[in-house]
Amino acid sequence: MTAAPQTSVSDDILSRVVNSLNDDKAEDVVIIDLRGKSEMADHMVVCSGRSTRQVAAISEKLVEKLKQEMGVFCKIEGKDQGDWVLIDAGDVIIHVFRPEVREFYQLEKMWLEPGTSGAAG
């Protein structure tokens, strides 16, 4: 009898986050593994929405799905402006940007290893 592979709560949250972002047509989704790099979270997800309206909608739906499906209550910042929304889901931090704002801050470049893309397939 073989034991099923263990998945952590953070991996389960990450999976739900990526599925929600894909469902809502988020663009350029990048997953950054923070384990061993930072104490703040296990994973960081960075993505883009095409407009302030889409950024806000992606964020709202993600927060609601995590609450409904996993009982995870997220902290959310920046939704009213819709340029850059930060969602703190505990072990997973999500950044949803408008493309111009994402390009300006280049947040993922601070965390990715040189030569890796972190793109979610």
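This text gives an overview of the structure that appears in the document.

Rules used in this analysis
Residues numbered from 1 in each chain as written. Predicted model: local features only at pLDDT ≥ 70, side-chain atom pairs only at ≥ 80, totals over all residues. Heavy atoms only, no water. Helix = DSSP H or I, 4+ residues; strand = E, 2+ residues; numbered from the N terminus. Buried < 20%, exposed > 50% of the residue type's maximum accessible area, 1.4 Å probe, protein only. Polar contact = N/O pair within 3.5 Å; in protein donor to acceptor, adjacent residues only side chain to side chain. 1 Å grid on protein atoms, 1.4 Å probe; cavity = no way out; pocket = protein on both sides within 12 Å on 5 of 7 lines; lining within 4 Å. Points joined across faces, edges and corners; volume = space filled by probe spheres on them. Nonpolar A, V, L, I, M, F, W, Y, C, P; charged D, E, K, R; others polar. Pairing = 2+ DSSP bridges. Expected span 1.5 Å × (residues − 1). Arc of directions from axis to C-beta. Contact = heavy atoms within 4.5 Å.

Looking at the environment of Glu108
Part 1 of the argument: Relative to the helices and strands, Glu108 resides in helix α4 (residues 107-111).
Part 2 of the argument: What makes Glu108 buried here is its relative accessible area of 13%.
Part 3 of the argument: There is a polar contact of 2.8 Å between the side chain of Glu108 and the side chain of Arg102.

Things to note about the layout of surface pockets
Part 1 of the argument: Counted as a void, the largest pocket has a volume near 150 Å³.
Part 2 of the argument: Lining the largest pocket we find Asp28, Ser48, Pro99, Arg102, Glu103, Gln106, Glu108 and Lys109.
Part 3 of the argument: Listed by contribution, the elements that provide at least two residues to the lining of the largest pocket are α3 (99-105) and α4.
Part 4 of the argument: Among the elements that line the lining of the largest pocket, the one with the most residues is α3, at three residues.
Part 5 of the argument: A breakdown of the residues in the lining of the largest pocket according to their chemical character gives one nonpolar, two polar and five charged.

Let's talk about the pairing of strand β5 (residues 92-97)
Part 1 of the argument: Of all six residues in β5, six are buried; the element is thus mostly enclosed.
Part 2 of the argument: Of the two faces of β5, the one holding Val92, Ile94 and Val96 and the one holding Ile93, His95 and Phe97 are both buried throughout.
Part 3 of the argument: In terms of strand pairing, strand β4 (residues 84-88) meets β5 through five bridges, oriented antiparallel. Paired with Trp84 across the two strands is Phe97, which belongs to β5.

Structural notes on helix α1 (residues 9-23)
Part 1 of the argument: Taking 1.5 Å as the rise per residue, α1 with 15 residues should run 21 Å; its terminal C-alpha atoms sit 21 Å apart, in good agreement.
Part 2 of the argument: Residues of α1 that are buried: Ser10, Ile13, Leu14, Val17, Val18, Ser20 and Leu21. Angular distribution of buried residues about the axis of α1 spans 165 degrees; they occupy a single face of the element.
Part 3 of the argument: Where the residues of α1 are buried, they touch β1 (27-33), β2 (43-48), α2 (52-70) and β5.
Part 4 of the argument: Of the residues one or two after α1, Lys25 is the one with positive phi, at around 65 degrees.

Structural notes on the pairing of β4
Part 1 of the argument: Judged by which residues are buried, β4 turns out to be one-sided: Val85 and Ile87 face inward and are buried, whereas Trp84, Leu86 and Asp88, on the alternate face, are not.
Part 2 of the argument: In terms of strand pairing, strand β3 (residues 75-77) meets β4 through three bridges, oriented antiparallel. Along β4, the bridge assignment pairs Lys75 with Asp88.
Part 3 of the argument: In this antiparallel pair of consecutive strands, β3 and β4, the connection spans six residues, and Gly78 shows a positive phi of 90 degrees.
Part 4 of the argument: Between β4 and β5, which pair antiparallel in sequence order, lie three residues; one of them, Gly90, sits at a positive phi of approximately 85 degrees.

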